[in-house]
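A structural walkthrough
What follows is each chain in one-letter form.
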Amino acid sequence: KSQRNPAQKLNLDRLASILGIPRSDLEKRINEADENPSTLIRIARGLTPAQIIALEEYKDELTGIEVDVESVRYYPNGKIGAHILGYTGELTPEEYQAKRRQGYRLGDVVGKMGVEAAYESKLRGEWGGMQLEVNGSGQVIQILGQKIAKPGQDVTLTLDLKLQKAAEAALGKRKGAIVAIDPRDGSVRAMVSYPSFDPNVFSAPITTATWKKLQAEGNPFVNRALQGFPPASTFKVVTATAGMESGKFPPNTVLNTFAALYVGGTAFGEWNHAGFGPIGFVRAMAMSSNTFHGQIGRGVGGPTLIATARRYGFGQKTGIELAEETPGLIADRDWKLRNFKNWDWSVGDTINMSIGQGFTLATPLQVAVMFAVPANGGFLVKPHLLQDARDVKEWRKSLNMKPSTLDTLRKSLRAVVAEGTGRALSDPALPPVAGKSGTAEAPPGKSHAWFGAFAPFDKPEIVVVAFAEHSGGGGGKVAAPMVRQVMEAYFNIKPKEEKPRPKP
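What counts, and where the lines are drawn
- Residues numbered from 1 in each chain as written.
- Predicted model: local features only at pLDDT ≥ 70, side-chain atom pairs only at ≥ 80, totals over all residues.
- Heavy atoms only, no water.
- Phe/Tyr/Trp six-rings, centres within 6.5 Å; stacked < 30°, edge-to-face > 60°.
- Helix = DSSP H or I, 4+ residues; strand = E, 2+ residues; numbered from the N terminus.
- Buried < 20%, exposed > 50% of the residue type's maximum accessible area, 1.4 Å probe, protein only.
- Axes fitted to C-alpha atoms, helices over the stretch in contact; angles between N-to-C directions.
- Parallel < 35°, antiparallel > 145°, perpendicular 65-115°, else oblique.
- Left-handed = near helix turned anticlockwise from the far one by under 90°.
- Contact = heavy atoms within 4.5 Å.
- Nonpolar A, V, L, I, M, F, W, Y, C, P; charged D, E, K, R; others polar.

Before going further, it helps to spend a moment on the packing of aromatic side chains. What the rule picks out here adds up to 16 aromatic pairs. Between tryptophan 345 and phenylalanine 359 the ring centres are 6.3 Å apart and the planes differ by 50°, which places this aromatic pair in the tilted class. Within this pair, whereas tryptophan 345 is found in the loop between helix H14 (333–339) and helix H15 (347–354), its partner phenylalanine 359 is found in the loop between H15 and helix H16 (364–376), the two being separated by 14 residues in sequence. Under the relative-accessibility criterion, tryptophan 345 is labelled buried at 17%.

Okay, here's the thing in C-alpha cells:
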C-alpha cells in the first residue's frame, strides 16, 4: 500500500522492479486515487515472501510503503456451486468511479458474479478508521475520533450441499446444466453448470496464463442453467395446457396421429415416422407425439399458445437473484416482423413452437419452474437462493388453472415415466416419479437432451431438470439417468451397481 502524499519522494523505479509492475502503471494507480493523504492506496496484492523481504531491505528508498495482511475469500468445496457462489475480485477503475460515493476505496475487493455480486451490500461490511488532526507537513497531532469497522452479514442459502454434489457428479464432464428446486416455494436446492471453474483462483491476483487456461475449457463462466436453449418436447406441457385451458381441446380429446403434419408444403414429422393412431392427452405425452401436439397448437393458434407460455414464465426472467440470468425467448408476430424482414407469423411457426422448436428458447431454470406448476397444484413459483422465513404463499402465485387440466397434466407426466419415454426413472427403489423428456434439434451439432421430473408423485417435494448440450442420444437415454441419480441422492437411495460390461 502507498500513502498518498504529493511531497513524498517515492522511488517508483525501485518499487516497480520489486513488484514486477511497470512504473507507468504504478503512477496511474496512485493518480487515480482521491487527493486524500490519509488514505492508503492498494498497489499490489498477493506478494511473495521474496518481494516482502525486498521491500523491507529497501525501506529507506520506499518511505510510505506498508505491507499488510488481508483476509481473502476461501471456498472450501472448490468448484462445487461455483456458478451460484460466483467469485470476488478487485474493483476496476470504472467500477471504482461508479461505487466511490458508496464508501468504496480504490483496491477494494467486491463480488463479481453469482451470490457474491447479488449480495455484495450484505457481505462487504463497512470500513473503520480514525479521524486525525495533522499539521502542514502531514504529521499527526492528535486523534479526534474513531469509527469501528463493521463486519459483513452472514448469508444463508437454500442449497443442499449433498444434493449439489450429487448433481455435479451426475452431470460429470457433459456440457450442460442440472437444476433442482422445491416446487412448493421455489427454493433452489442445487444448480450445476459445466464447464466450471474454481472461484479460489480469484482470491489472489490471477495470472494471464491461468486466465487463458480457464478460457480454453469452453466458457466456464457461463451459467448454462440460466441460458436459453430450445426446450423441445418438455414444452408440450405448455401446449397441452393451452389446448385444455382454451376449451377447444377438453381433457377427453382424442386425435388421430400421423407420420407427419403437412402445412404449406412443409412436413412436420412424427419422431417414429409412423404416428401412434388415435390417442388422447395422456398417451400423447407418454409417447411424446409431435403430430398430436402440433394439431393442438394449430387448433388454439399462435396467440393463445404464446400467452400460455408466458403465463408459465417463459420469455422473461424468473426473478432469481443472479444477474447472469437471461429471459429466453417466446417469439410472437411483432418479434418475427422485426427480425425477419417483414415475414409474417405462420401456422408452421405455431406448430414448431408447440413441440418446443423454432424460435423458442428456455433456460433449465425456467423449465424447472414449469414442471413445478403441475407438481404443486397450479402455482408459478419464484426461484430463489436466499434462505427466507417468509410464508410459502409469498413465493408463488396461482395460475387459476382448471382442476381437470391439472389432473390430466399430472396423469400424462406420470405415464411418461410409467410407460413412455421416461422409463429410466421407473425404478421401484424411488418413490413414484412424473416427468417429460425432450430432444432438441440443434444444428450444426448433435441434438440437446432434456429431462424434467418431480417426486413423490402424490406429494411432490423436489423438481429436477437435466440438460445436456449437443449430447445426442435423446432425453430419455441421456438426461433421464442424470435426473435419477439426483433423485436417488435426494431420497437417500443407494444407487444400483452397474454390472461390468463383457469383454468383446
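From this point, the narrative continues.
On to unusual backbone geometry, then. Trans peptide bonds make up the majority, and among non-glycine residues the majority have a negative phi. The amide bond that connects proline 443 to the next residue, proline 444, takes the cis arrangement and shows omega of 10°. Along the chain, proline 444 turns up in the loop between strand E15 (434–440) and strand E16 (448–455). If you check the backbone angles, alanine 232 has positive phi at about 55° while not being a glycine. Relative to the helices and strands, alanine 232 resides in the loop between helix H9 (208–215) and helix H10 (236–246). Its relative accessible area of 1% is what places alanine 232 among the buried residues. Positioned with a positive phi, asparagine 400 is a non-glycine residue whose angle comes to about 55°.

Before going further, it helps to spend a moment on the packing of H10 against helix H13 (residues 302–311). Where H10 meets H13, the axes come as close as 9 Å, and the angle between the chain directions of the two elements is 115°. Between H10 and H13, the angle falls in the class roughly perpendicular. H10 and H13 meet at a crossing whose hand is right-handed. Residues Val238, Thr239, Thr241, Ala242, Glu245 and Ser246 of H10 form the contact with H13, whose own contacting residues are Thr304, Leu305, Thr308, Ala309 and Arg311. When the residues that make up the contact of H10 with H13 are grouped by side-chain class, the tally is four nonpolar, five polar and two charged.

This paragraph deals with the environment of histidine 273. In this fold, histidine 273 is placed in the loop between strand E11 (266–269) and strand E12 (278–280). A residue is classified by how much of its surface remains accessible, and histidine 273, at 68% relative accessible area, is exposed. In this structure, the C-alpha to C-alpha distance between histidine 273 and alanine 232, residues 41 residues apart in sequence, is 17 Å.

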